[in-house]
Protein chains: 4
Amino acid sequence: MQENIGFIGLGNMGEPIAANLIAAGHSLKVYNRTASKAEPLKAKGATIVATAAEVATPGGIVFTMLADDRALDQVCTAEASFVETLGHGGVHVSLSTIAPATAKHLAEHHRKHGVDYVGSPVFGRPEAAAAKRLWICDSGPAAARERVRPLLAAIGQRTYEFGDDPAAAHVVKLCGNFMIAAALEALAETFALAEKNGVDPAAVSQMMGETLFACPIYQIYSKLIVDGQFEDAKFRLALGLKDMSLVAQTAAASNMPMPLVSLVRDRLLASTAKGRADWDWTALALDVAENSGLRKAAAR
Amino acid sequence: MQENIGFIGLGNMGEPIAANLIAAGHSLKVYNRTASKAEPLKAKGATIVATAAEVATPGGIVFTMLADDRALDQVCTAEASFVETLGHGGVHVSLSTIAPATAKHLAEHHRKHGVDYVGSPVFGRPEAAAAKRLWICDSGPAAARERVRPLLAAIGQRTYEFGDDPAAAHVVKLCGNFMIAAALEALAETFALAEKNGVDPAAVSQMMGETLFACPIYQIYSKLIVDGQFEDAKFRLALGLKDMSLVAQTAAASNMPMPLVSLVRDRLLASTAKGRADWDWTALALDVAENSGLRKAAAR
Amino acid sequence: MQENIGFIGLGNMGEPIAANLIAAGHSLKVYNRTASKAEPLKAKGATIVATAAEVATPGGIVFTMLADDRALDQVCTAEASFVETLGHGGVHVSLSTIAPATAKHLAEHHRKHGVDYVGSPVFGRPEAAAAKRLWICDSGPAAARERVRPLLAAIGQRTYEFGDDPAAAHVVKLCGNFMIAAALEALAETFALAEKNGVDPAAVSQMMGETLFACPIYQIYSKLIVDGQFEDAKFRLALGLKDMSLVAQTAAASNMPMPLVSLVRDRLLASTAKGRADWDWTALALDVAENSGLRKAAAR
Amino acid sequence: MQENIGFIGLGNMGEPIAANLIAAGHSLKVYNRTASKAEPLKAKGATIVATAAEVATPGGIVFTMLADDRALDQVCTAEASFVETLGHGGVHVSLSTIAPATAKHLAEHHRKHGVDYVGSPVFGRPEAAAAKRLWICDSGPAAARERVRPLLAAIGQRTYEFGDDPAAAHVVKLCGNFMIAAALEALAETFALAEKNGVDPAAVSQMMGETLFACPIYQIYSKLIVDGQFEDAKFRLALGLKDMSLVAQTAAASNMPMPLVSLVRDRLLASTAKGRADWDWTALALDVAENSGLRKAAAR
């Protein structure tokens, strides 16, 4: 079924996702704060609108892919927002990595306008988004999830469902990002131990990536850490810190300690203190190396 | 080429490994402190000898698979040990998980007797050992490694070589075990966060095991933690603690901090304090759950 | 000089502080959300008013002692707040433990109304407040600090000045509370180590309190931990957690890691998970004891 | 009563302690591996002997103040050691900071020779030793403790008794050193937080040292950290690391986690990795500052 879809947020991830929705035959109205980023989509058939509110069609669907909780909250709760335009029967598909508490709060807000909130955060880098190879977790009202299922199928390789609670999928997304960050810390310490003992980290990386840890996260990130091109940011350290802060905040709101989150977050804070917020988040390995005496702290 | 092989240490791992060497056509003399454990191998053609020293043939090869550094050190440096019997041209293939410092020390000791020390620790559980599916890392004098290569091929699915330093392979083994322990902590915290937020840990486990973390360690251990049969020890928590203590000791000897090792080791110490040394090491997840208020500390 | 003083927030700390201002000869208008708490002050000569805004006299002084950042922010930025009434020449003496960022934000807000914000958080328990034995740190515009100096002298034993930045005194207060929490953790681990090794914690406490650590914090808190009357809350664990969260938040806003804050905060979160939010914050020692196998986790 | 006293180990601490025993009227035979260090004591009346064993008189008393567990163990368990010479009725007063497990093991060894082991570790720097202002904790057989009481009174300002277990006093000494190290970490993080927020650490140090933390440890160490003369080693960082490793080892042997010990030990390991083993142990504050972006890692 053809859907009238609105799309807000056309960054590295949003743009290829929107393109795939167009390619799947849907009609898209798109909005981005920096308008020039919307141009490539215009060529593919999207309609560019002047305000976030205008992307919505009554009873339609709006996707959002925004930088953080605050940006999403503002666009949703502004006066005359897209939520009001969507109105009864509308669905908001929320792709961003945000706090479950924000999702819960927005879902309540939307309900007053007759709009269903579906949390649908995604795993994958921009290349994966372009190739429709994202992994998606989603949760929210069952009927709304059923309606958006074909749309999610058009942008990812598989969707995992986590029930009716709109916040659930966001919890899962934070779990996944935490697991990645934990793996980064483990790899960084491992490689430092190897290097201090005269063993080539690349050789350790190869063995582990072919055997016990033969999975994308370990293979990709091992290589990035061993190669050490940390200034080339594929995923900015500042974003990793933001995500780990969301995890820490969610754990605190749940009244539970997560000491490994604390450790990783402190590592990212040290990296930020040393001036690496805009580097790739694998640069946390540099901090490990410096604390091991393997490298002098450089200019930044 | 047929080799005269001695084998010391016929526990859960040693016994199936020795059986595979026999199956590959080699002549084996075997020794175990508790003699009854050697019986099954006798039926397969092994010769049972009365002392550790008697397993060796001059210029032959001896495998050891013992509980810890102390046990290995004692059997190697006792008076009239197997090392003296091996003598010039002999090779000691050391399969145990031990400190690199112990390997270095033993290699020096062996050299005085003309014996080459090859560090060959293995990854895999008893079932993998029986199925010749172990992953092996080895290091030591090149000629000795070449000589034992077909033997290692007879007991594992692949051998990774780490050069001439006899301690190197033991460093790699510690790296691997640390990476596993770090993954356990990450999984335990993840599942607790999910549960505290109303998300089913089994569903999170399934998604991660099929996507970002589609590799044996995550798949196997996620299931063990979610199932929660912690009293059924596949790998005793006390052994995990021993291994993490070896990592901590190696890091300290290398003058470097490994905060994630500290965290995991403290977790295993708390689990030991609570009476779980003989449970499976995934029982560290119980400690995480208790500190999250998800479970009361039980009788043990 | 007699001052017209308003006082908002008459809890355990606010009430005795207000009483001391009356005793020093000042005229007080007081407000508390729960009005009954203001009664004892009425008997001492205070005027009870019906709204927070009414405590203020144009160009006068208002003290606040409220539960947290949010409560203070609301009372300051509400429409027709006491700040507007104070107007040009007024001074707000802010006694609460709050984030430096909140102080900075409020100071800017006040400036628009011609009001000076003086951060004046205090150290000491209710008994110390009653006895005029509080330690006070303050910062803010110099003239305002000079004006309130005699008032602070009427409620504490000494005031330490930290310059013109209104946030500075709040930083110092967080530093002090963190130092106390760190000492609690150190004491709890110390006593557990002693007990596990057959040494009486009370004897260790006595020696340290008479020698290296002969100061109030160590003497008082050692005794509380050794006595183990954790359910009798002198300072609620939930408040300790709130304060450590303010420290963590301030560190993160400053782009720096504070691993000891992380450790203590995680300890307080575990204690909360176990149902001890309303106990005394020294109850963190129970968590240490449980993780050491010294005590089973009790009903709560 | 005059005692025939032997004294082994005349370093920074041992030399002034031995001098005070002479000053109290006792006859001393002294030994130091580097003989020249014994010369000043000769002038004061001590007899210099050529081997450690010769310091002992049958039934007499021998004090030891050696660098570490290994040095003490060697001097005690060597063939024809001073313990054998002491024989029945002799007492060994052991001043060094060592593992309780070592004390226990030595006490058993001594008992076979009829010698009592009294653990008597001391708190205080060389100046305090010279001024007879050490704080002493001791434990061991009651009669032996009674006999050495006047001797300890001659070298310190007060002795705290911890019962019959020879290891107990050593546990207390480790507790004290850990509490100091924990305070160092707390101070270092506190001062970094202050500095990052524009507050002068010296002012924070002054207030805390005059109020909540008005005790020697906080006053002395705050000043050292604020002054930042870390290369001038009053207590070498390597020794602090050794002590924290003893604490960690004792905690592990007691089956309990001490996460704050882990944190401090990792901090000292990072400082060692950065080349500061020979600096004062307050140099751990430099590592805190570097991880906060306050200082670039310098040449060492």
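Given the structure is predicted, the values throughout are model-derived calculations rather than measurements.

1. A closer look at the overall build of chain A
- Counting secondary structure elements, chain A contains 13 helices and nine strands.
- Computed over C-alpha atoms, the radius of gyration of chain A comes to 20 Å, within 12% of the 19 Å expected from 2.2 N^0.38 for 300 residues, which places it in the range of a compact globule.
- Viewed in the frame of its principal axes, chain A has a C-alpha envelope of about 65 × 45 × 35 Å.
- Expressed as a percentage of its 300 residues, the buried residues of chain A come to 62%.
- The long-range share in chain A, meaning contacts at least 24 apart out of those at least 6 apart in sequence, stands at 65%.

2. Quick notes on helix α9 (residues 201–210) of chain A
- Restricting attention to buried positions, one finds in α9 of chain A the residues Pro201, Val204, Ser205, Met207, Met208 and Gly209 of chain A.
- Contacts from the buried residues of α9 of chain A go to α8 (168–196) and α10 (216–227) of chain A together with β8 (134–138), β9 (156–161) and α8 (168–196) of chain B.

3. Side note on the packing of helix α11 (residues 237–253) of chain C against helix α12 (residues 259–273) of chain C
Residue and element names in this part refer to chain C.
- Where α11 contacts α12, the axes come no closer than 9 Å and their chain directions differ by 145°. Helix-helix and strand crossings are classified by hand; for α11 and α12 the assignment is left-handed. Contact residues: Leu237, Gly240, Leu241, Met244, Ser245, Val247, Ala248 and Ala251 in α11; Val261, Ser262, Val264, Arg265, Leu268, Leu269, Ser271 and Thr272 in α12.
- Residue composition of the contact of α11 with α12, grouped by class: 10 nonpolar, five polar and one charged.

4. Examining the confidence of the model for chain A
- The predicted model of chain A has a mean per-residue pLDDT of 96, with 99% of residues at 70 or higher.
- Reported for the predicted complex are a pTM of 0.96 and an ipTM of 0.97.

5. Things to note about the pairing of strand β2 (residues 27–31) of chain B
Residues and elements named next belong to chain B.
- Judged by how many residues are buried, β2 sits mostly within the fold: four of five residues are covered.
- Here strand β1 (residues 4–8) runs beside β2; their pairing, made up of five bridges, is parallel. Residue pairing for β2: Ile5 is matched across the bridge by Leu28.
- With helix α1 (residues 14–23) bridging β1 and its parallel neighbour β2, the resulting β-α-β unit is right-handed.
- Note that β2 and strand β3 (residues 47–48) share two bridges and pair parallel. Residue pairing in the sheet places Val30 in a bridge with Ile48 of β3.

6. Details of the sheet that holds strand β2 (residues 27–31) of chain D
Residues and elements named next belong to chain D.
- Overall, parallel pairing links the six strands, which are arranged β3-β2-β1-β4-β5-β6 in an open sheet. Strands with a single pairing partner mark the edges of an open sheet, and in this sheet they are β3 (47–48) and β6 (116–119).
- Across the face of the sheet, helix α5 (residues 100–111) comes into contact with β5 (91–94) and β6 while running at roughly 155° to β6.

7. Here's the deal with the environment of Leu260 of chain D
- Position of Leu260 of chain D relative to the elements: it lies in helix α12 (residues 259–273).
- When the C-alpha atoms of Leu260 of chain D and Met179 of chain D are compared, they prove to be 9.8 Å apart, with 81 residues separating the residues in sequence.
- If we skip the residues at most four places from it in the chain, Leu260 of chain D touches Glu185, Ala186, Glu189 and Leu263 of chain C together with Ala182 of chain D.

8. Thoughts on the interface of chain B and chain A
- Between chain B and chain A, the residue contacts involve 53 residues of the former and 53 residues of the latter.
- Looking at the side of chain B that touches chain A, the element that brings in the most residues is α8 of chain B, giving 17 residues.
- Taken together, the residues of the side of chain B that touches chain A sort by class into 38 nonpolar, 11 polar and four charged.

9. Examining helix α7 (residues 142–153) of chain B
All names here are of chain B.
- Compared with an ideal rise of 1.5 Å per residue, which puts 12 residues at 16 Å, α7 spans 16 Å between its outermost C-alpha atoms and is within 8% of the ideal.
- Every buried residue belonging to α7 is among Ala144, Arg145, Val148, Leu151 and Leu152, and all of these are buried. Looking straight down α7, one finds that the buried residues subtend no more than 110° of arc, so they occupy a single side. Across from the buried face of α7, at angles greater than 90 degrees, the exposed residues are Ala142, Ala143, Glu146 and Pro150.
- The inward-facing, buried residues of α7 contact α1, β4 (61–64), β5 (91–94), β6 (116–119), β8 and β9.

10. Remarks on the relation of the copies chain B and chain C
- Once chain B has been moved 0.0 Å along the axis and rotated by 180°, it coincides with chain C to within an RMSD of 0.0 Å. In symmetry terms, the pair is related by a two-fold rotation axis.

11. A short note on the relation of the copies chain B and chain A
- Once chain B is rotated about the relating axis by 180° and shifted along it by 0.0 Å, it coincides with chain A to within an RMSD of 0.0 Å.
- When the interface residues of chain B are mapped onto chain A, 100% of them again fall at the interface, so both copies present the same face.

12. Considering the interface of chain B and chain C
- Taken together, the contact pairs 10 residues of chain B with 10 residues of chain C.
- Of all elements in the fold, only α12 (259–273) and α13 (284–291) of chain B reach the threshold of two or more residues within the side of chain B that touches chain C.
- Across the side of chain B that touches chain C, the residue classes tally to three nonpolar, four polar and three charged.

13. Quick notes on the sheet that holds β9 of chain B
Residues and elements named next belong to chain B.
- The strand order β7-β8-β9 describes an open sheet built from three strands, whose pairing is mixed. The outermost strands of the open sheet, each flanked by one partner alone, are β7 (122–123) and β9.
- Inspection of the sheet shows β8 paired to β9 by five bridges, in the parallel sense. Bridge pairing in β9 links Asp138 to Glu161.
- Relative to the sheet, α7 contacts β8 and β9, its axis offset from that of β9 by approximately 155°.

14. Some remarks on the environment of Leu286 of chain D
Residue and element names in this part refer to chain D.
- You can see Leu286 is positioned in helix α13 (residues 284–291).
- Distance in space between the C-alpha atoms of Leu286 and Asp227 is 12 Å, their sequence separation being 59 residues.
- Apart from the residues lying within four places of it in its own chain, the contact partners of Leu286 are Phe230 and Arg295.

15. Observations regarding the domain arrangement of chain A
All names here are of chain A.
- Here chain A is partitioned into domain 1 (4–165) and domain 2 (171–291).
- A straight line from the C-alpha centre of domain 1 to that of domain 2 covers 29 Å.
- In this complex, domain 1 contributes 10 residues to the contact, which on the side of domain 2 involves 12 residues.
- Along the lines of polarity and charge, the residues of the side of domain 1 that touches domain 2 split into seven nonpolar, one polar and two charged.

16. Some points on unusual backbone geometry
- Despite not being glycine, Asn255 of chain B has its phi angle at roughly 55°, a positive value.
- Judged by C-beta crowding, with 19 C-beta atoms within 10 Å, Asn255 of chain B ranks as partly exposed.
- Its identity is not glycine, yet Ala80 of chain D carries a phi of approximately 50°, on the positive side.
- The topology assignment puts Ala80 of chain D in the loop between α3 (69–77) and α4 (82–86).

17. What about the packing of α9 of chain A against α10 of chain A?
All names here are of chain A.
- At a closest axis distance of 10 Å, the pairing of α9 and α10 adopts a crossing angle of 175°. Comparing the axis directions of α9 and α10 gives the class roughly antiparallel. Facing Pro201, Ala202, Ser205, Met208 and Gly209 of α9, the residues of α10 in contact are Tyr218, Gln219, Ser222, Lys223 and Val226.
- Across the contact of α9 with α10, the residue classes break down as five nonpolar, four polar and one charged.

18. Examining the pairing of β5 of chain D
All names here are of chain D.
- Judged by which residues are buried, β5 turns out to be covered on both faces: Val91 and Val93 on one side and His92 and Ser94 on the other are all buried.
- As judged from the four bridges shared by strand β4 (residues 61–64) and β5, these two strands associate in the parallel manner. Residue Phe63 lies in a different strand from β5, and its bridge partner there is Val93.
- Examined bridge by bridge, β5 and β6 share four bridges and lie parallel to one another. Within β6, the position partnered with Val93 by the bridge is Val118.
- Handedness of the β-α-β unit built from β5, α5 and β6 comes out right-handed.

19. Some remarks on the environment of His170 of chain D
Residues and elements named next belong to chain D.
- Looking at the secondary structure, you find His170 in helix α8 (residues 168–196).
- Overall, His170 belongs to the buried group, with 31 C-beta atoms counted inside 10 Å.
- For the pair His170 and Tyr117, spaced 53 residues apart in sequence, the C-alpha to C-alpha distance is 12 Å.
- With near-sequence residues (within four places) excluded, His170 lies in contact with Ile98, Pro100, Ala103, Gly119 and Pro121.

The rules we used
- The numbering scheme is per chain: residues are counted from 1 as the chain's sequence reads.
- Naming scheme: in the order in which they are written, chains are lettered from A and ligands are numbered from 1.
- Restriction of local features to residues with pLDDT of at least 70 applies here, the model being predicted, together with a cutoff of 80 or more for giving and counting side-chain atom pairs; totals for whole chains, interfaces and linings are based on all residues.
- Numbered from the N terminus, helices here are DSSP runs of H or I no shorter than four residues, and strands are runs of E no shorter than two.
- For the radius of gyration, the atoms used are the C-alpha atoms, and the globule rule reads 2.2 Å times the number of residues raised to 0.38.
- The exposure label follows from counting other C-beta atoms within 10 Å of a residue's C-beta, where the C-beta atoms are placed from the backbone and the thresholds are 20 or more for buried and 12 or fewer for exposed, leaving partly exposed in between.
- Residues are treated as contacting if the C-beta atoms built from their backbones sit within 7 Å of each other.
- Axis definition: a line fit to C-alpha positions, over the contact stretch in the case of helices; interaxial angles, taken between N-to-C directions, run 0 to 180 degrees.
- For any pair of crossing helices, the crossing counts as left-handed if the nearer helix is rotated counterclockwise from the farther one by less than a right angle, and right-handed if it is rotated clockwise.
- In the scheme used here, Gly and all other residues not listed as nonpolar or charged are polar, with Ala, Val, Leu, Ile, Met, Phe, Trp, Tyr, Cys and Pro taken as nonpolar and Asp, Glu, Lys and Arg as charged.
- In predicted models, pLDDT denotes the confidence assigned by the predictor to each residue on a 0 to 100 scale.
- In short, DSSP must find at least two bridges between two strands for them to pair.
- Place the viewer so that the strands point away; then a crossover is right-handed whenever the path from the first strand over the helix to the second strand goes clockwise.
- In a helix, the anticipated span is given by 1.5 Å times the number of residues less one.
- The directions considered for the arc run from the helix axis to the C-beta atoms.
- Least squares is the method for superposing the copies, and the C-alpha atoms it fits come from residues with pLDDT of at least 70 in both.
- Domain ranges listed in this record stem from an automatic or a database domain assignment.
- We call two directions roughly parallel when the angle between them is under 35 degrees, roughly antiparallel when it is over 145, roughly perpendicular when it lies between 65 and 115, and oblique otherwise.

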